Amino acid sequence: MRAKNPSESRTVMTDMVLPSETNPLNNLFGGELLARMDRAASIAARRHSRRVTVTASVNHVAFNRAVPLGSVVTVEAAVSRAFRTSMEIYIDVWMEDRFTGEKTKANEAIYTFVAVDETGVPTEVPALAPETTLEKERFEAALRRKQLSLVLAGKMKPTEATELRALFMG
Ligand SMILES: CC(C)(COP(=O)(O)OP(=O)(O)OC[C@H]1O[C@@H](n2cnc3c(N)ncnc32)[C@H](O)[C@@H]1OP(=O)(O)O)[C@@H](O)C(=O)NCCC(=O)NCCS
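The protein carries the name Acyl-CoA thioesterase in an unreviewed UniProt entry, which gives Croceitalea vernalis as its organism. Entered under Sequence similarities (unreviewed entry) in the UniProt record, the comment concerning the protein runs "Belongs to the acyl coenzyme A hydrolase family."

What follows is the structure, given as structure tokens:
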């Protein structure tokens, strides 16, 4: 299988925040943002693998900034590393001020998707070839994140998480 670049899976979804999607403080409801990120990440995973993909885990979500009612929100997702059957998807969320048009980073998240066949069995995906400095940084750190996620899920022994251990041992 030919290795693919992150640009081949990059998925950009722009939408606004409606009153039905807000919390009592008139900011975007967290669950709504999770769903938007899941949709964009799912499309990115499908573009990379050209397979049916399922969300395996949500590894990291940082709600750093509240997103007010009426904001224009852009969710940008791309594969940051591909393993055997799983893919890490890095998601950046931007909001656009409705008066000035200025774009600021609101949130980010990291999801793991697995490509599956018609019977739901995990199936191999193409490798990822990062190009930019940021893509290379995200690629390098992805193995540690995968190991952490597997350890927390009880699917890997901490002693087997060599990359993760190296981070703490210096
Ligand atoms: C995701 C799923 C296919 C994994 O199945 P599994 O039996 O654990 O399969 P495997 O052990 O072969 O794991 C498949 C891959 O997922 C990875 N994986 C599994 N759980 C993971 C986790 N919590 N974090 C990170 N990666 C994980 C494995 O490391 C493996 O990756 P690799 O092949 O690239 O090395 C299965 O759990 C599933 O179908 N879950 C439901 C998915 C779903 O319905 N999502 C929608 C949410 S409602």
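1. Remarks on the overall build of the protein
Of regular secondary structure, the protein possesses 3 helices and 5 strands. Scanning the protein from its N terminus toward the C terminus, one meets helices and strands in the order β-α-β-β-β-β-α-α. Against the compact-globule benchmark of 15 Å for 170 residues, the protein has a radius of gyration of 17 Å, which places it among compact chains. In terms of principal-axis extent, the alpha carbons of the protein reach across some 50 × 35 × 35 Å. For the protein, the share of sequence-separated contacts (at least 6 apart) that also reach a separation of at least 24 residues comes to 70%.

2. Description of the sheet that holds strand 5 (residues 103–116)
With antiparallel pairing, 5 strands are arranged side by side in an open sheet as 1-3-4-5-2. At either margin of the open sheet sits one strand with a lone partner, and together these are strand 1 (11–16) and strand 2 (52–62). When strand polarity is set aside, the average angle formed by the axes of neighbouring strands in this sheet is 25°. When strand 4 (residues 86–96) meets strand 5, the two strands line up antiparallel, connected through 11 bridges. Bridged to Glu96 within strand 5 is Lys103. The strands touched by helix 2 (residues 133–152) are strand 2, strand 3 (72–82), strand 4 and strand 5; relative to strand 3, the strand with the most contacts, the crossing angle is about 85°.

3. Side note on the site of the ligand
Neighbouring residues of the ligand: 18 residues in total, closest Phe83, Arg84, Thr85, Ser86 and Ser149. Among the elements of the structure, strand 2, strand 5 and helix 2 are those that each provide at least two residues to the shell around the ligand. Element by element, the count of residues in the shell around the ligand is highest for strand 2, at 4 residues. A class-by-class count of the residues in the shell around the ligand yields 8 nonpolar, 7 polar and 3 charged.

4. Let's talk about the UniProt feature "domain: HotDog ACOT-type" (unreviewed entry) in the protein
Cross-referencing UniProt, the feature "domain: HotDog ACOT-type" (unreviewed entry) maps to residues 7–119 in the present numbering. Span residues 7–119 is 18% helix and 47% strand, its end C-alpha atoms 29 Å apart.

The rules behind these values
Residues numbered from 1 in each chain as written. Predicted model: local features only at pLDDT ≥ 70, side-chain atom pairs only at ≥ 80, totals over all residues. UniProt positions renumbered as here; feature names shortened; annotations may be inferred. Helix = DSSP H or I, 4+ residues; strand = E, 2+ residues; numbered from the N terminus. Rg over C-alpha atoms; globule rule 2.2 N^0.38 Å. Contact = placed C-beta atoms within 7 Å. Pairing = 2+ DSSP bridges. Axes fitted to C-alpha atoms, helices over the stretch in contact; angles between N-to-C directions. Near = placed C-beta within 6 Å. Nonpolar A, V, L, I, M, F, W, Y, C, P; charged D, E, K, R; others polar.

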